[in-house]
Amino acid sequence: MSESPATTRTAMIEMIKVGKEFPPNVTALADISVSIASGEMFFLIGRSGAGKTTLLKLLCNMERPSNGLIEVAGMNIHQVTGNKLAKLRQKVGVAYQDFRLLTDRTVAENIAISMEVSYKKPQIIRARVRSLLAQLQLEDKHDMLTGDLSRGEQQRVALARAVANSPALILVDEPTGNLDATSTAQVMELLARCSNSGATIVIATHDEALYRHSSNRVMKLHNGKLDSLTRGDEL
Amino acid sequence: MNFWLSVIRQTGRNLRQTWATQFMTCLTVSLSVLMFSFFYLIYINILSAGNKVSDDLRLIVYLDEEPGPQLQEQLRLKITQFDQVQEVKFISKAEAYSRFTEQLGDNRDVLTDMPTDFLPASIEVVPLKNLRSLNQVKLFAEYLATIPGSQKVQYGQKWVERFYYFTQLLSIVVLLSGTLLILTATFMVASTIRLTIFGRQEELELLKLVGATNNYIRTPFLLEGIFQGLMGSFLGLTALYTLFQWTTGHFSGAGFLDLFTFTFFPSEIIVTIVLLSIILCTAGSYTSMQKFLRI
């Protein structure tokens, strides 16, 4: 098992003995302890139902852990409430598995939401939206309703929204599930750029090609338990 | 972009998207305001008319015999023992006769064969303006009836009683319509906002997830409440003013409305109605939002 980068860099995420149970007695996660450093790109793998999405939901405070401690940027996110929680969430970009797009709004409006809540200037928002759409080759979809897009396009818009506000932590659930090879490469380039600019990225995926030959750490979950934690090129 | 610019944009977007529901709510609020202010306007005008009429209120005590100067002084003292009065005036038999002939005008011939002292002497008592309530007037009349030598006391009892019960009834109507206004406006705005919240549940949940503060989510809805209250009261009061102008234009100068000057609300009452409407609508909006934000 590789040495934790958290020992050399500041930890963005600290998870200690984290567990999650759903009623009546389904154990989704058990005894997960891991430290993820600032600026690290971290992969979560495992079969369907292994607990990847649950782990991401715990990290973005959509779910509360049944036990254990989760700290993001030094804060116990499940004890933070009100405006502090809102500020923390502005620093966390999430691309959800089900996209969570507003299908009656345009692509540009969907991406802009994450920047509007932190009161960015309209001209900055417009420029950032255009830049992201160009990087994902979606320029011509700017004014289209997201409900009219294909699954692959919706997935890229969801990712664009997650990274738009330049968050310190980006959580991505199956980012390439509906994408062809070219689009997958574009998505990974965008995430790599975010990582290079200092963002911590956690990607839950089934796609081996994304991590197989990389030096990034990969955590494998099996039935909600930590199965292995190693570098991608050591797998 | 600052907070206010951002929430005003949100509010504008929401108003555009849900204009039909917003319009219906605005209409309901304006009807509630119209209903309440209509009765209230009638109420304050009746009260003002009542004040004018009660300025002329006087109690007449008919006496067995005409009192001499000394007895007059004693009676005056006796009357003022009950309460301070504005005026006590003794009417002699001759004065009563003279007044009566004046009232008869051209028909005064009917009195030709009558003696000039057939009418009783009386005392006219003008109570103070603060002797307003029916009970007080009644008690005063009963007291005057106990004065030695008093035959009968008259003060337009039936009229005073009718007027008193009419204003009482009107007070109840105003109170009921006021309560209805409060309930209707608050309920309607709360329902509209709740419907809007249901329609935008996905968006509001997403806003929470991307880090919108509760104030960022709540303020556009509160602004909608303020807008509803302002527009609703404006429309309601404008409709009432139009109705008022039409009524005074068509009915002034003749009949019932000529008895008193019909006036519209003074500016303080208009401001109070508008503010009250805004407060109620904002409260309706606030309670709906609180339920959502607690989820």
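Now for a look at the structure at hand.

What counts and what doesn't
Residues numbered from 1 in each chain as written. Chains lettered and ligands numbered in written order. Predicted model: local features only at pLDDT ≥ 70, side-chain atom pairs only at ≥ 80, totals over all residues. Heavy atoms only, no water. Contact = heavy atoms within 4.5 Å. Buried area = accessible area lost by both parts, 1.4 Å probe. Salt bridge = Lys/Arg side-chain N within 4 Å of Asp/Glu carboxyl O. Helix = DSSP H or I, 4+ residues; strand = E, 2+ residues; numbered from the N terminus. Pairing = 2+ DSSP bridges. Buried < 20%, exposed > 50% of the residue type's maximum accessible area, 1.4 Å probe, protein only. Axes fitted to C-alpha atoms, helices over the stretch in contact; angles between N-to-C directions.

Across the boundary between the two partners, chain A contributes 20 residues, which contact 20 residues of chain B. Of the roughly 1900 Å² buried at the junction of chain A and chain B (both faces included), carbon and sulfur atoms supply 56%. Summed over the three residues of chain A that lose the most area to chain B, namely A:Arg105, A:Glu116 and A:Tyr119, the buried surface amounts to 31% of that side. Linking chain A to chain B there are three salt bridges. Where B:Arg9 meets A:Glu116, a salt bridge forms, and the shortest distance between an N and an O atom there is 3.8 Å. Of all the elements in the fold, those that place two or more residues in the side of chain A that touches chain B are helix H2 (82–90), helix H3 (107–116) and helix H4 (122–135) of chain A.

All names here are of chain A. With four bridges connecting them, strand E3 (residues 41–45) and strand E9 (residues 217–222) associate as parallel partners. Note that in E9 the partner of Leu44 across the bridge is Met219. Judged from the six bridges that link them, E9 and strand E10 (residues 225–231) form a sheet pairing that is antiparallel. When the bridges of E10 are listed, Lys220 appears paired with Ser228. What sits between the antiparallel neighbours E9 and E10 is a turn of two residues, in which Asn223 has the positive phi angle 50°.

Our focus in this paragraph is the environment of B:Thr11. Residues and elements named next belong to chain B. Counting through the fold element by element, Thr11 comes out in helix H1 (residues 3–17). Overall, the relative accessible area of 8% leaves Thr11 in the buried class. Residues Thr11 and Trp246, 235 residues apart in the sequence, show an inter-C-alpha distance of 37 Å. When sequence neighbours within four positions are dropped, the list of residues in contact with Thr11 reads Pro220, Leu223 and Glu224.

Attention now goes to the sheet that holds strand E3 (residues 122–127) of chain B. Backbone hydrogen bonds hold the strands of a sheet together, and the pairing may be parallel or antiparallel. All names here are of chain B. The four strands are arranged E2-E3-E1-E4 in an open sheet whose pairing can be described as antiparallel. One side of each edge strand has no neighbouring strand; the edge strands of this open sheet are strand E2 (85–91) and strand E4 (150–154). Neighbour-to-neighbour, the strand axes of the sheet open up by a mean angle of 15°, direction not taken into account. Inspection of the sheet shows strand E1 (residues 59–63) paired to E4 by four bridges, in the antiparallel sense. Bridge pairing in E4 links Val61 to Val153.

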